[in-house]
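So the chains spell out like this:
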Amino acid sequence: MKLLHTSDWHLGRAFHRVSMLGAQAGFIDHLVGTVREYGVDVVLVSGDVYDRAVPPLAAVELFDDALHRLAGLGVPTVMISGNHDSARRLGVGAGLIGRAGIHLRTDPAGCGTPVVLHDAHGDVALYGLPYLEPALVKAEFGVDKAGHEAVLTAAMDRVRADLATRPPGTRSVVLAHAFVTGGEQSDSERDITVGGVAAVPSGVFDGVDYVALGHLHGCQTLTERVRYSGSPLPYSFSEAAHRKSMWLVDLDADGSVTAERVDCPVPRPLARLRGTLDDLLADPELAAHEDAWVEATLTDPVRPADPMARLAERFPHTLSLVFDPERPPDDPAVSYARRLAGRSDQEIAEDFVAHVRGAGPDGHERTVLRDAFDAVRADDTLREAR
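Residues numbered from 1 in each chain as written. Predicted model: local features only at pLDDT ≥ 70, side-chain atom pairs only at ≥ 80, totals over all residues. Heavy atoms only, no water.

1. What about the pattern of salt bridges?
Phase 1 of the analysis: Overall, the coordinates contain 19 salt bridges when judged by the stated rule.
Phase 2 of the analysis: Between Asp 65 and Arg 69 there is a salt bridge, and its shortest N-O distance comes to 3.6 Å. Separated by four residues within a single helix, Asp 65 and Arg 69 lie in helix 2 (residues 57-73), roughly one turn from each other.
Phase 3 of the analysis: Overall, the relative accessible area of 29% leaves Arg 69 in the partly exposed class.
Phase 4 of the analysis: Three or more residues joined by partner-sharing salt bridges are found here, namely Asp 29, Asp 65 and Arg 69. (Salt bridge = Lys/Arg side-chain N within 4 Å of Asp/Glu carboxyl O. Helix = DSSP H or I, 4+ residues; strand = E, 2+ residues; numbered from the N terminus. Buried < 20%, exposed > 50% of the residue type's maximum accessible area, 1.4 Å probe, protein only.)

Listed below in C-alpha cells is the structure:
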C-alpha cells in the first residue's frame, strides 16, 4: 500500500504579513497531482490543517476544495486535528464526509477505532490520534498526571489492544500530532510544553508499522518507522534551510516500510542575511538573494537611517529587520531580547524572582510557576475552541 504522508498545512496563515493562500492553493494542486502521478493508495494528514481555531473564510474554502478534489480521486484520506485546529469544528460532519472516503479523526475517544483499508495482502488499520491536550483529555484516558507521555501512552494502549483483536498479519499505521524526542524544532511551532516537558519518547509508538507525525515543521526521520513530514511551506525564517516535502511511503506485505521524499513547490526562497547595512547593499555575493524573502540582521553599532527603505532598493522582498549591534557580551547596552533568546517562559519567570528577591524559587515555587503556565495555556486552548 502506497501512503502519502503530509501535515501542518496551516491554511490561512500569513508569512510576516504576506498572505500564503496562493502558495497554499499551489500546494493543494501539487498534492492532488502527486496522488495521481504516483498511484497513491491513501493520503495521511497529521494535523494543523488550519492555522487557528476559527480560520478565515478563504482558508475554509480552500480546505473544502481540497476535500472535494481528494474525494473525486477516489483515494481515501485520513486526517487528524492538530494543536492549532479546533477539533470540534474540524470534525463537524465527519460521519457524512467519511462516506466520501475522507476520514476525519478529531475525537480522542476514537483513538482505538481505526479506518480499515484493504489491498492484495490483507488489511491495513489506520489509527488517528488527534492532538491530545493533556489537561483536557486526562479524564478520558484515566491518567492521574496530565502530561503528554501519559496521555499518548494511554491512547497507544488502546491502539495496541484493538490491533490485537485483528486478523494475524494486519498492518498498522498511526497518525499523531506531538513533539517526539529527537525532533528538531523551528520558530513557527506553537509551544506545547506541559509540566516543563514537551517531548515524548518515540518508544511510546512501539508495536505499529508506521507512525506519521505532525507538529514539527521540518521533514525528519526519527526511526525508519517514525517520521515527520514537516510543513509543505515555510512559516518562519528559522525554516530557511528546510527542504519542504512529503513522504511517499511503501508499506509492504510484511509491514516493512520504504520511504522517499517528494518535494513541494517553493513560492519564493528564504534568505537570512547578516552584516552592516553598507555591506549588505554592496556585497556582490548576495545577488542570488535579491528575489528572496529576506530577514536582514544589521550589526551596525549605531542604527542607520531609513534601513528598511534602503534594503528594499536591493532586496524588494525584505520582510523582517533585526538590529543586533556587535558589542562585547558584558556591554550594558546588549539588548534585552538577546539576553532572553532561547529561554523558556518558566526560566524567565524564575530569573525575575531571583532578581526581585535575591534568590531563585525553591522546588515548591517552581512547581507553582509551572502549574500556572500550564493552566494559562490550557485556558487559551479552551477559549480558542469556544
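So much for the structure itself; the text now carries on.
2. Remarks on the domain arrangement of the protein
Phase 1 of the analysis: Each assigned domain of the protein is listed here: domain 1 (2-263) and domain 2 (270-385).
Phase 2 of the analysis: Facing the 27 residues of domain 1 at the interface are 16 residues of domain 2.
Phase 3 of the analysis: When the two sides are added together, the surface that domain 1 and domain 2 hide from each other amounts to roughly 1600 Å², 62% of it contributed by carbon and sulfur.
Phase 4 of the analysis: Where domain 1 touches domain 2, the interface holds zero salt bridges.
Phase 5 of the analysis: For the pair domain 1 and domain 2, the interface holds one residue pair in polar contact (both at pLDDT 80 or more). (Domains from an automatic or database assignment. Contact = heavy atoms within 4.5 Å. Buried area = accessible area lost by both parts, 1.4 Å probe. Polar contact = N/O pair within 3.5 Å; in protein donor to acceptor, adjacent residues only side chain to side chain.)

3. With respect to the packing of aromatic side chains
Phase 1 of the analysis: Enumeration according to the criterion identifies four aromatic pairs in this entry.
Phase 2 of the analysis: Each ring, one from Phe 15 and one from Trp 293, has its centre 5.2 Å from the other, and the planes form 35°; the classification is tilted. Remark: Trp 293 occurs in strand 16 (residues 293-298) and Phe 15 occurs in strand 2 (residues 14-15); sequence separation between them is 278 residues.
Phase 3 of the analysis: In this structure Phe 15 comes out as buried when scored by relative accessible area, which is 0%.
Phase 4 of the analysis: Note on Trp 293: relative accessible area 8%, which makes it buried. (Phe/Tyr/Trp six-rings, centres within 6.5 Å; stacked < 30°, edge-to-face > 60°.)

4. A look at the nonpolar core
The nonpolar side chains of a soluble globular protein tend to be buried with one another.
Phase 1 of the analysis: In terms of nonpolar packing, the biggest core is built from 32 residues, with Leu 129, Phe 141, Leu 152, Met 156, Val 174, Phe 205 and Leu 213 touching the most fellow members.
Phase 2 of the analysis: Only strand 8 (122-129), helix 5 (134-141), helix 6 (148-164), strand 9 (171-177), strand 10 (210-214) and strand 12 (226-228) provide two or more residues apiece to this core.
Phase 3 of the analysis: Sorting elements by how many residues they give to this core places helix 6 first, with seven residues.
Phase 4 of the analysis: With near-sequence residues (within four places) excluded, Leu 213 lies in contact with His 5, Ser 7, Ser 46, Ala 176, Val 180, Phe 205, Leu 222, Val 226, Arg 227, Tyr 228 and Ser 229. (Core = buried A, V, L, I, M, F, W, Y, C linked by side-chain atoms within 4.5 Å.)

5. Describing the sheet that holds strand 11 (residues 220-223)
Phase 1 of the analysis: If you trace the six strands from one edge of the open sheet to the other, you get 7-8-9-10-12-11, paired in mixed fashion. One side of each edge strand has no neighbouring strand; the edge strands of this open sheet are strand 7 (115-119) and strand 11. Neighbour-to-neighbour, the strand axes of the sheet open up by a mean angle of 20°, direction not taken into account.
Phase 2 of the analysis: Two strands pair when backbone bridges link them, and strand 8 and strand 9 are joined in this way by six bridges, in the parallel orientation. Looking at strand 9, one finds that Ala 125 is bridged to Ser 172.
Phase 3 of the analysis: Across the sheet, helix 6 is in contact with strand 8 and strand 9; its angle to strand 8 comes to roughly 160°. (Pairing = 2+ DSSP bridges. Axes fitted to C-alpha atoms, helices over the stretch in contact; angles between N-to-C directions.)

6. Here's the deal with the environment of Thr 106
Phase 1 of the analysis: In this fold, Thr 106 is placed in the loop between strand 6 (102-105) and strand 7.
Phase 2 of the analysis: Along the primary structure Thr 106 and Met 79 are separated by 27 residues, whereas in three dimensions their C-alpha atoms are 8.3 Å apart.
Phase 3 of the analysis: Those residues in contact with Thr 106 that lie beyond four places of it in its chain are Ser 81, Ala 87, Leu 90, Gly 91 and Pro 130.
Phase 4 of the analysis: A polar atom in the side chain of Thr 106 sits 3.3 Å from the backbone oxygen of Ala 87.

7. Quick word on helix 10 (residues 345-357)
Phase 1 of the analysis: Spanning 13 residues, helix 10 covers 18 Å between terminal C-alpha atoms, matching the ideal 18 Å at 1.5 Å per step.
Phase 2 of the analysis: For helix 10, the set of buried residues is Gln 346, Ala 349 and Glu 350. One side of helix 10 carries all its buried residues, which in axial view fall inside an arc of 100°. Those residues of helix 10 that are exposed and aimed more than 90 degrees away from the buried face are Asp 345, Phe 352 and His 355.
Phase 3 of the analysis: Just downstream of helix 10 lies Gly 358, where phi reads positive at about 90°. (Expected span 1.5 Å × (residues − 1). Arc of directions from axis to C-beta.)

8. Focus: the sheet that holds strand 13 (residues 245-251)
Phase 1 of the analysis: Judged by pairing direction, the sheet is mixed, and its six strands sit side by side in the order 6-5-4-1-13-14 without closing on themselves. Each end of this open sheet is capped by a strand with a single partner; those strands are strand 6 and strand 14 (257-263). The mean angle between the axes of side-by-side strands here comes to 20°, regardless of whether they run parallel or antiparallel.
Phase 2 of the analysis: Sheet analysis places strand 1 (residues 2-6) next to strand 13, joined by four bridges and oriented antiparallel. What sits directly across from Lys 2, in strand 13, is Asp 250.

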